[in-house]
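Each chain, written out:
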Amino acid sequence: MSQLGDIKLSTVIPPTIIKPPEEEDTVFDPITCGIRSSITVVSFGGSRQLEKLGAYALRADVRDPDDILIPCSMLCVSGDTYLCQFRPQIPGNHILNVKLGGHHISMSPLSFRVSSSNPVWTTKTEDGQDGNGNLVNPIGVVVDHRGDIYVTDRDQNNSRVVQYDPSLVYQSEFTLPFGDIYDIAVDRQGRLIISEHNNNTVHIYTNQGKEEGKIENRDLKKPCGVAVNRNDDVVVADSQVKCVFVFSQKKKLLQKIGVPGTEEKQLENPTFLAVEPDNFSTVYVSDTGNNKIVVYNRKGVYESQIAAGDLKRGKLSNPKGVARDRHSHVLVCDEMNQVMVFTHEGAFVACIDSGGDQLSNPHGIATTNDGHVVVADTGNKCVKKYRYL
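## A word on the overall build of the protein chain
Inference 1: Check the secondary structure of the protein chain and you find one helix and 33 strands.
Inference 2: Here the protein chain, with 389 residues, has 54% of them falling under the buried criterion.
Inference 3: Sequence separation of 24 or more characterises 49% of the internal contacts of the protein chain that already satisfy a separation of 6 or more.
Inference 4: Total accessible area on the protein chain stands at roughly 17200 Å², and carbon and sulfur atoms take up 45% of it.

As structure tokens, then:
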């Protein structure tokens, strides 16, 4: 958690401050967009005086650069110490108001700055050099159960899968005998599921580059995004048929989800998709043509969509990669070169805008179990990893 600022004596008993970061026992971290943060408030009058004022006597609110209130809470960590907890949604100057007994404490309101969510790790790319993890046109990305990262990459002549460790250090790669590679997923056995966009085929490979099978079906036309549910069924988005196919482990077509169109429950250009990690009942489809994420249940019945908001707060513009984490978040990247974080109900949580190291035409994204999101930064020929929890 982050601590910030210095609000000195209150005019209301007991005297209360916001504890300066240099007095903290922990290292001070800047407050970052999308990351849960807190500001420490300490009373010098003792816990009994605060108790007399009541549990709700100490109040705080946080406003962002657009003067919009951010959800926050006051947590008592000891008799005289509180944490004002919040999660900034956008970067920029924010205002903290702290009141005790209905009155501002000294130096309240306090202005503080929220920084952009810059990547914690990035793959290194040297122009003109192949191999050793240098990417040309990264499209799909997936994270396996160990945290290793696999990326689909292609140029005019070759397609390949590149493996990195959790810190995006290059590990290995293998070349594929087909050209138009698109997305990638991993099943419970650690096998890689790879879509071939222009050949109606989904391939199954070991992580060492050995092909173990393929899904070929006459209904498939242009497979794009792929995912694997908890039952190890392969879920495929088809941008030409404008629907989602579900295949069993034995490559049998189990289900066809969605119908073409531009209406609320329809799909115009499905590209990427995600499946709820702990439940194979919910599928999230990135409908690039309709600027929304469409949500279907396990029976293929439309449930909801994610599409509302403004440019700063969840409005999607040609969304591509979509991911669903274990904390009920849905993450989406779009042509505005940002990653939006939503609740699974579609409420906007935060924007990862990478202000100091801008994304360029991001495509696939994947989440890790430790609160990071990995993004295929296609325009910058690299992969970036951000903290968002």
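## Some points on the sheet that holds strand β25 (residues 292-296)
Paired through their backbone hydrogen bonds, the strands of a sheet run either parallel or antiparallel.
Inference 1: Taking strand neighbours across the sheet as the criterion, the four strands line up as β23-β24-β25-β26 in an open arrangement whose pairing is antiparallel. Each edge of the open sheet is held by one strand with a lone partner, namely β23 (270-275) and β26 (302-306). Taken pair by pair, the neighbouring strands of this sheet meet at an average axis angle of 25°, ignoring direction.
Inference 2: Relative to β25, strand β24 (residues 283-287) runs antiparallel, the two being bridged by five bridges. What sits directly across from Tyr284, in β25, is Val295.

## Things to note about the packing of aromatic side chains
Inference 1: For the structure on display, the rule yields seven aromatic pairs.
Inference 2: Aromatic pair Tyr164 and Tyr170: ring centres 6.4 Å apart, planes at 70°, arrangement edge-to-face.
Inference 3: Of the residues examined, Tyr170 reaches a relative accessible area of 27% and is grouped as partly exposed.

## What about the sheet that holds strand β17 (residues 201-205)?
Inference 1: Reading across the sheet, the four strands line up as β15-β16-β17-β18 and stay open at both edges, with antiparallel pairing between neighbours. Only two strands of the sheet have a single partner each, and these edge strands are β15 (181-186) and β18 (211-216). Geometrically, the sheet is characterised by an average inter-axis angle of 20° between neighbouring strands, direction not taken into account.

## Focus: unusual backbone geometry
Inference 1: Despite not being glycine, Asn200 shows a phi value in the positive range, around 55°.
Inference 2: Following the sequence through the fold, Asn200 ends up in the loop between β16 (192-196) and β17.
Inference 3: Its relative accessible area of 31% is what places Asn200 among the partly exposed residues.
Inference 4: With a phi close to 50°, Asn318 is a non-glycine residue in the positive phi region.

## Concerning the side chain of Ser37
Inference 1: You can see Ser37 is positioned in strand β2 (residues 37-43).
Inference 2: Of the residues examined, Ser37 reaches a relative accessible area of 2% and is grouped as buried.
Inference 3: At 3.1 Å, the side chain of Ser37 and the backbone oxygen of Ile35 are in polar contact.

## Thoughts on the pattern of salt bridges
Inference 1: Counting across every chain of the model gives 13 salt bridges.
Inference 2: When the shortest N-O distance is used, the salt bridge between Asp180 and Arg154 registers 3.0 Å. Of this pair, Asp180 sits in the loop between β14 (170-176) and β15 while Arg154 sits in strand β12 (residues 149-154), and the two are 26 residues apart along the sequence.
Inference 3: In this structure, Lys384 engages Asp377 in a salt bridge whose closest nitrogen and oxygen atoms are separated by 2.8 Å. Like Asp377, Lys384 is buried.
Inference 4: Connected through salt bridges with shared partners, the residues Asp144, Arg146 and Asp148 form a single ionic network.

## Some thoughts on the environment of Glu264
Inference 1: With respect to the helices and strands, the residue Glu264 is situated in the loop between β22 (253-257) and β23.
Inference 2: On the basis of relative accessible area, Glu264 is assigned to the partly exposed category, the value being 43%.
Inference 3: When the C-alpha atoms of Glu264 and Asn290 are compared, they prove to be 8.8 Å apart, with 26 residues separating the residues in sequence.

## A word on the environment of Pro30
Inference 1: As for its placement among the helices and strands, Pro30 is situated in the loop between β1 (16-18) and β2.
Inference 2: With 82 residues separating them in the primary sequence, Pro30 and Phe112 have C-alpha atoms 10.0 Å apart.

## So, the side chain of Ser108
Inference 1: Relative to the helices and strands, Ser108 is located in the loop between β8 (103-104) and β9 (110-114).
Inference 2: Among the polar contacts listed, one links the side chain of Ser108 to the backbone nitrogen of Val98, at a separation of 2.9 Å.
Inference 3: Of the polar contacts made by the side chain of Ser108, one reaches the side chain of His104; its length is 2.9 Å.

## Points about the pairing of strand β31 (residues 362-367)
Inference 1: The element β31 is largely enclosed, with a buried count of six among its six residues.
Inference 2: Pairing geometry for β31 and strand β32 (residues 372-377), over four bridges, is antiparallel. What sits directly across from Thr367, in β32, is Val373.
Inference 3: Two successive antiparallel strands, β31 and β32, enclose a turn made up of four residues, where Gly371 displays a positive phi of approximately 85°.

Conventions we followed
Residues numbered from 1 in each chain as written. Predicted model: local features only at pLDDT ≥ 70, side-chain atom pairs only at ≥ 80, totals over all residues. Heavy atoms only, no water. Helix = DSSP H or I, 4+ residues; strand = E, 2+ residues; numbered from the N terminus. Buried < 20%, exposed > 50% of the residue type's maximum accessible area, 1.4 Å probe, protein only. Contact = heavy atoms within 4.5 Å. Areas by Shrake-Rupley, 256 points an atom, 1.4 Å probe, with all protein chains shown as cover. Pairing = 2+ DSSP bridges. Axes fitted to C-alpha atoms, helices over the stretch in contact; angles between N-to-C directions. Phe/Tyr/Trp six-rings, centres within 6.5 Å; stacked < 30°, edge-to-face > 60°. Polar contact = N/O pair within 3.5 Å; in protein donor to acceptor, adjacent residues only side chain to side chain. Salt bridge = Lys/Arg side-chain N within 4 Å of Asp/Glu carboxyl O.

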